[in-house]
Amino acid sequence: KIQLPSPVGRAIERLNAAGYEAYAVGGCIRDSLLGRMPEDWDVTTSAEPEQTKAVFNGVPVIETGIQHGTVTVILDGQPLEITTYRIDGSYSDSRHPDAVRFTRSLKEDLARRDFTVNALAYHPDTGIVDCFGGTEDLRQKSLRCVGDPDKRFTEDALRVMRGIRFASQLSFSLESATEVSLRRYAPLLQKVAAERLRTELVKLLCGEQVESVLLRFPAVLGQLIPELLPMVGFDQQTPYHIYDIYEHTAHSVAAIKNTPVLRLTMLLHDIGKPRRFTVDKKGQGHFKGHGTVSVHMCQEILPRLRFDKRTIERILSLVKYHDVDLEPREALIKRWLNRLTPEGFFQLMEVKLADNAAQNPLYDRSASYREIIQMAHEILDRKECFSLSSLAVNGDDLIEMGIPADKELGETLQILLQAVIDGKCKNDRESLLEYCQSHRQNL
Ligand code: ATP
Ligand code: MG
């Protein structure tokens, strides 16, 4: 028995009371049966959109998807999508059905859904409706297309990404005919809108089985990010690495917390390496300047996938600095806290730990990184100064001393900050002003 959230249960009751069929359907039923928290709840109904609107007379509704049969009703302040039983017409562009047709048959609605585990409906009185073997596939942890896989992937190529995304997220495997077909039609992903691909990519990267999915499907991911492909099988020829660049990447993605920014950073952190590879006389590999190249490549890849500016900036900075040498020295740590903000600094340390975890364990640096993290926490706990905002003097104080309010002012503040960070001057007004006076000529 599935515990429906109360607005979902009430919406179904209300539609039933008006003489229509209604079921909770799709991912929410799949996740409930797996004991996972559903991302969203969907209701499918025999009522046509105008009829649904009439049933929810007096409730706020949003008509955004109405041509496709979807009415969003706001119940208890939460949006709930209610979609009319629907048959998707033919797909001539592998993206959008040319036309949708409403139907009175739940089974026909379930038949348009991508995988059998997503084609389950549930009614609180009558239980699960399973027309395509979805419950058995759920037990087997198997992703199988509803109907002919070739047809399903050519209709809507996004399903290729959804397939490997669910494999990663749910730790499922692809049923063999589904997998063959998925690989065959991966090139159709080129036709799919970047935003839709991005959403699936992020969910894939944040999934439990991300490492094995990355390792098994480079050719699929290469449809979104062709820049990944030269990493596959690329032997690094350095003692620090025991994996090729792509294996190292996959390993490092799995080694970091599953937030989108961190997982994307690991996916892309070495993307420029194949372009910067040289071998010296001793046969040792080098990747001089690969950080800069990787950053340039990320500047192309991330906007292409329509990531937002904030996310892009964060990833660029983490990719740029992932290879810097950090040591457990207070002044150095404070400079990085200042440059990256504490949040950015701790993210960088996560990146370095994950990168390190995916390298040759003979060169394990994690103990040193942990010490650095510890020291950074202590600096923050002691509320020590590492940025202009916590410096005990500001621009106005310097103007009072007669320093002109121009570029020099900013430079002087920076010099004072560095003096405090280096322990050459205490962070109080008096000491700072005195330091400023005595160094005035040199400043
Ligand atoms: P999530 O956990 O990300 O919400 P989901 O399976 O619920 O995964 P939704 O995008 O919420 O995905 O879609 C709800 C349902 O609609 C799916 O479970 C599936 O039945 C159907 N569906 C969604 N996208 C497609 C598609 N591209 N092709 C066929 N059916 C789809
Ligand atoms: Mg969903």
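Residues numbered from 1 in each chain as written. Chains lettered and ligands numbered in written order. Predicted model: local features only at pLDDT ≥ 70, side-chain atom pairs only at ≥ 80, totals over all residues.

1. A few points about unusual backbone geometry
- Located in the positive-phi region is Lys141, a residue other than glycine, with phi close to 55°.
- Here Lys141 is to be found in the loop between helix 5 (134-140) and strand 10 (142-143).
- Given 13 C-beta atoms within 10 Å, Lys141 falls into the partly exposed group.
- Even without being a glycine, Gln237 presents a positive backbone phi close to 50°. (Helix = DSSP H or I, 4+ residues; strand = E, 2+ residues; numbered from the N terminus. Buried ≥ 20, exposed ≤ 12 C-beta atoms within 10 Å, placed from the backbone.)

2. Comments concerning the pairing of strand 1 (residues 22-25)
- Along strand 1, one buried face is formed by Ala22 and Ala24 and the opposite face, lined by Tyr23 and Val25, is buried too.
- Where strand 1 and strand 2 (residues 42-45) come together, four bridges link them in antiparallel fashion. Its bridge partner lying in strand 2, Tyr23 is registered against Thr44.
- As judged from the two bridges shared by strand 1 and strand 8 (residues 120-123), these two strands associate in the antiparallel manner. Following the sheet pairing, Val25 is matched in strand 8 by Ala121. (Pairing = 2+ DSSP bridges.)

3. With respect to the domain arrangement of the protein
- Taken domain by domain, the protein consists of domain 1 (6-133), domain 2 (141-224) and domain 3 (388-438).
- Look at where the C-alpha atoms of domain 2 and domain 3 centre, and you get two points 57 Å apart. (Domains from an automatic or database assignment.)

4. Quick look at the packing of helix 19 (residues 407-421) against helix 20 (residues 429-438)
- Their axes nearest at 11 Å, the elements helix 19 and helix 20 cross at an angle of 115°. Relative to helix 20, the crossing made by helix 19 is right-handed. Mapping the contact onto sequence places Thr412, Leu416 and Ala419 in helix 19 and Leu432, Tyr435 and Cys436 in helix 20.
- The residue inventory of the contact of helix 19 with helix 20, partitioned by class, reads five nonpolar, one polar and no charged. (Axes fitted to C-alpha atoms, helices over the stretch in contact; angles between N-to-C directions. Left-handed = near helix turned anticlockwise from the far one by under 90°. Contact = placed C-beta atoms within 7 Å. Nonpolar A, V, L, I, M, F, W, Y, C, P; charged D, E, K, R; others polar.)

5. Observations concerning the site of ligand 1
- Around ligand 1 sit Gly26, Gly27, Glu39, Asp40, Asp42, Arg113, Asp114, Asn118, Ala119, Asp156, Leu158 and Arg159, and those are all the residues in its vicinity.
- By residue class, the composition of the shell around ligand 1 is two nonpolar, three polar and seven charged.
- Two domains each donate at least three residues to the shell around ligand 1, and these are domain 1 (6-133) and domain 2 (141-224). (Near = placed C-beta within 6 Å.)

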